[in-house]
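One-letter residues, chain by chain:
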Amino acid sequence: MRMVFRWYGEGNDSVTLPQIKQIPGVEGIVWALHDIPAGEVWPMDRILQLKEQIEGHGFHIEVVESVNVHEDIKLGLPSRDKYIDNYKQTIENLGKVGVTTICYNFMPVFDWVRTDLHKELEDGSTALFYEKVKVDAMNPSELVHKINENPDFTMPGWEPERLSRLSELFEAYKDVTEEKLWDHLHYFLERIIPVAEENGIRMAIHPDDPPWPIFGLPRIMTCRDNFRKLLKLVDSPYNGITLCSGSLGANPANDIAGMVREFADSIPFAHIRNVRRYDNGDFIETSHRARDGSVDICDIVKAYHENDFTGYVRPDHGRHLWNEQCRPGYGLYDRALGIMYLWGVWDSLERTKRGSVSC
Ligand code: CS2
Ligand code: MN
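This structure is a prediction, so every number in the text was calculated from the model and none was measured. (Residues numbered from 1 in each chain as written. Chains lettered and ligands numbered in written order. Predicted model: local features only at pLDDT ≥ 70, side-chain atom pairs only at ≥ 80, totals over all residues. Heavy atoms only, no water.)

Asker: Hey, could you run me through the packing of aromatic side chains in this one?
Answerer: Centre distance and the angle of the planes are the two values used to describe a pair of aromatic rings. By the definition in use, this model includes 13 aromatic pairs. On the basis of an interplanar angle of 50° and a centroid distance of 6.0 Å, the ring pair of Trp31 and Trp42 is categorised as tilted. Highlighted residues: Trp31 in strand β2 (residues 26–31) and Trp42 in the loop between β2 and α2 (44–55), separated in sequence by 11 residues. For Trp31, a relative accessible area of 1% translates into the label buried. The class of Trp42 is buried, set by a relative accessible area of 3%. Consider the rings of Tyr130 and Trp212, whose centres lie 5.6 Å apart with planes at 70°: the pair is edge-to-face. Taken as a pair, Tyr130 in strand β6 (residues 126–130) and Trp212 in the loop between β7 (202–205) and α10 (224–233) lie far apart in primary sequence, 82 residues in all. The class for Tyr130 is buried, based on a relative accessible area of 0%. Looking at Trp212, the relative accessible area reads 18%, which means it is buried. Feature note: the residues Tyr87, Tyr104, Phe106 and Phe188 constitute an aromatic cluster, connected by ring pairs. When the ring centre of Tyr187 is taken as origin, the NZ or CZ atom of Arg80, which lies over that ring, is 3.4 Å away. The ring of Phe129 is capped by Lys119, whose NZ or CZ atom sits 4.6 Å from the centre of that ring. (Phe/Tyr/Trp six-rings, centres within 6.5 Å; stacked < 30°, edge-to-face > 60°. Helix = DSSP H or I, 4+ residues; strand = E, 2+ residues; numbered from the N terminus. Buried < 20%, exposed > 50% of the residue type's maximum accessible area, 1.4 Å probe, protein only. Lys NZ or Arg CZ within 6 Å of the ring centre and 35° of its normal.)

Pasting the structure below:
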């Protein structure tokens, strides 16, 4: 397991590269050009600038998260070809600087969605929380109405550039069934995977978060069967998965360690985090420790270890501790604690395997 850490860039992240340097075993930074809108080519000079900065602190830049997919591609509009060409160009540009893995997602309109960014846990820390009835109660027209009334209305995980087109997007997605979304993903992958292959980059799709349809929009990266289907769409080692234990873990039906065991060779990138599920469908993010949430993180790490996993791993969202002011879910402390937990489990498995007393 090769440990990496997500960083949003100077001025955009409360965490600094020298701080990350002090977390044991972190070898690379997971990065992106966050200000480039989906659909545009990532310019070479900007990529090189960031490369120099990150490598200057002794980290590699092999993992990018995310190169976002333009809505027209997900909608299957004729204009998608132009955006797919741009995506290919970005893959080529990233290949030139040694990127090996690109994480992306295929969620219509919204990325991750929560109802509360700072819900207090019993220990006084706060974490991202999802209240099911609240999301279920919000239908598309109500959402559009809310935004029209208050243009600043937002919810966690919403990208402002997409929000400004919200009513138009809901209208456009009206006829996009799950089946159509699959077709559009297929079309996209058929065109980009050969380019990824030529450039030595493994594409790794992130599961939908939460892994079920919201606001009447389809979501397809949700469960084991659908990942099987994804891998068959284009049969190539360059068509892979970012297996995120937290996103998938919101649904109790998902056996994540089982997925690791089945898909290990197709997982270039693992996100590891825990969530605590409630019977009413709500969930909250917790520490990485297995017993703090509903996801058996120990068994997941064990599954990676059994497969001699050499892919990249990052702690995903963490809680906000000790009054840290940070991007929601992306503070320093809890993600650093998460890394030490993951190393702890991994090192003891290694020791058992080698029958040696030293880690
Ligand atoms: C995060 C995502 O929800 C999560 O688990 O890791 O925000 C992730 O970064 C994106 O969906 C990847 O495209
Ligand atoms: Mn994730």
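Asker: Which parts of the structure should I look at to understand the pairing of strand β9 (residues 269–272)?
Answerer: If a strand is regular, its side chains alternate between the two faces of the sheet. Neither face of β9 is open: one carries Phe269 and His271, the other Ala270 and Ile272, and all of them are buried. As paired strands, strand β8 (residues 239–244) and β9 are joined by three bridges and run parallel to one another. Along β9, the bridge assignment pairs Cys244 with His271. Of the strand pairs in this sheet, β9 and strand β12 (residues 312–315) are connected by four bridges, and their pairing is parallel. What sits directly across from Ala270, in β12, is Val313. (Pairing = 2+ DSSP bridges.)

Asker: It is not clear to me how the coordination of the manganese ion (ligand 2) should be interpreted in this structure. Could you clarify?
Answerer: Note on metal sites: the ideal angle is 109.5 degrees for four tetrahedral donors, and 90 or 180 degrees for six octahedral donors. The manganese ion (ligand 2) binds to the protein through His206 (NE2), Cys244 (SG), His271 (ND1) and Asp316 (OD), with metal-donor distances spanning 2.0 to 2.5 Å. Between the six donor atoms coordinating the manganese ion (ligand 2), the angles at the centre fall across 69 to 178°, so the site counts as octahedral. Of note, the manganese ion (ligand 2) draws all its donor residues from one chain, in the sequence arrangement H-x37-C-x26-H-x44-D. One end of the pair, His206, is in the loop between β7 and α10; the other, Asp316, is in the loop between β12 and α14 (333–354), and 110 residues separate them in sequence. No difference in accessibility class separates His206 from Asp316, as the two residues are buried. (Donors = N, O, S within 2.8 Å, 3.2 Å for Na, K, Ca; no water. Tetrahedral: all angles 85-135°; square planar, octahedral: opposite > 155°, others 65-115°.)

Asker: Would you mind showing me how to read the sheet that holds β8 here?
Answerer: Think of a sheet as strands paired side by side through backbone hydrogen bonds, with each pair either parallel or antiparallel. Spatial ordering of the closed barrel is given by β1-β2-β3-β4-β7-β8-β9-β12, a layout of eight strands whose pairing is parallel. Across the sheet, the mean angle separating the axes of adjacent strands is 30° when strand polarity is ignored. Looking at chain direction, strand β3 (residues 60–65) and strand β4 (residues 101–104) are connected through three bridges and run parallel. Its bridge partner being in β4, Val64 is matched across the sheet by Ile102. (Axes fitted to C-alpha atoms, helices over the stretch in contact; angles between N-to-C directions.)

Asker: How do you make sense of unusual backbone geometry when you look at a structure like this?
Answerer: Across the chain, the bulk of peptide bonds are trans and the bulk of non-glycine residues have phi less than zero. The peptide bond linking Glu65 to Ser66 adopts the cis configuration, its omega dihedral lying at -5°. Summarising the element assignment, Ser66 is placed in the loop between β3 and α3 (71–75). Geometrically, the link from Asp209 to Pro210 is a cis peptide bond, its omega value of -5° lying close to zero. Along the polypeptide, Pro210 turns up in the loop between β7 and α10. Not every positive phi belongs to a glycine, and Phe215 is a case in point at roughly 50°.

Asker: Is there a simple way to think about helix α8 (residues 166–173) in this case?
Answerer: One full turn of an α-helix is made of 3.6 residues, so residues set three or four places apart face in the same direction. Among all positions in α8, only Leu166, Leu169, Phe170 and Tyr173 are buried. Buried residues along α8 cover an arc of 100° about the axis, so they all sit on one side. (Arc of directions from axis to C-beta.)

Asker: Where do I start with the site of ligand 1 in this structure?
Answerer: Ligand 1 sits among 19 residues. The nearest are Glu65, Ser66, Asn105, Trp112 and Asp209. A distance of 2.9 Å is found between an oxygen atom of ligand 1 and a side-chain nitrogen or oxygen belonging to Arg6. With respect to ligand 1, the side chain of Asn105 contributes an N or O atom lying 2.8 Å from an oxygen atom. Class assignment of the residues belonging to the shell around ligand 1 gives a composition of six nonpolar, six polar and seven charged. (Near = heavy atom within 4 Å. Polar contact = N/O pair within 3.5 Å; in protein donor to acceptor, adjacent residues only side chain to side chain. Nonpolar A, V, L, I, M, F, W, Y, C, P; charged D, E, K, R; others polar.)

Asker: Can you walk me through the sheet that holds strand β10 (residues 275–277) in this structure?
Answerer: Pairing is antiparallel in the open sheet, where four strands are placed in the order β5-β6-β11-β10. Strands at the two margins of the open sheet, each flanked by one partner only, are β5 (116–120) and β10. Averaged over all pairs of adjacent strands, the angle between their axes in this sheet comes to 35°, without regard to strand direction. Alignment of β6 against strand β11 (residues 283–285), held across two bridges, turns out to be antiparallel. Counted as the bridge partner of Phe129 is Ile284 from β11.

Asker: Help me understand the packing of helix α13 (residues 297–306) against α14, please; the structure alone is not making it clear to me.
Answerer: Packed helices, taken two at a time, are described by the angle between their axes plus the distance between the axes. Orientation of α13 relative to α14, taken along the N-to-C sense of each, is 50°, at an axis distance of 10 Å. What the angle tells us is that α13 and α14 run oblique. You can see that α13 and α14 cross each other, and the crossing is right-handed. Of the residues in α14, those touching α13 at Ile297, Cys298, Val301, Lys302, Tyr304 and His305 are Tyr341, Leu342, Val345, Trp346, Leu349, Glu350 and Lys353. Of the residues assigned to the contact of α13 with α14, the class counts are nine nonpolar, one polar and three charged. (Parallel < 35°, antiparallel > 145°, perpendicular 65-115°, else oblique. Left-handed = near helix turned anticlockwise from the far one by under 90°. Contact = heavy atoms within 4.5 Å.)

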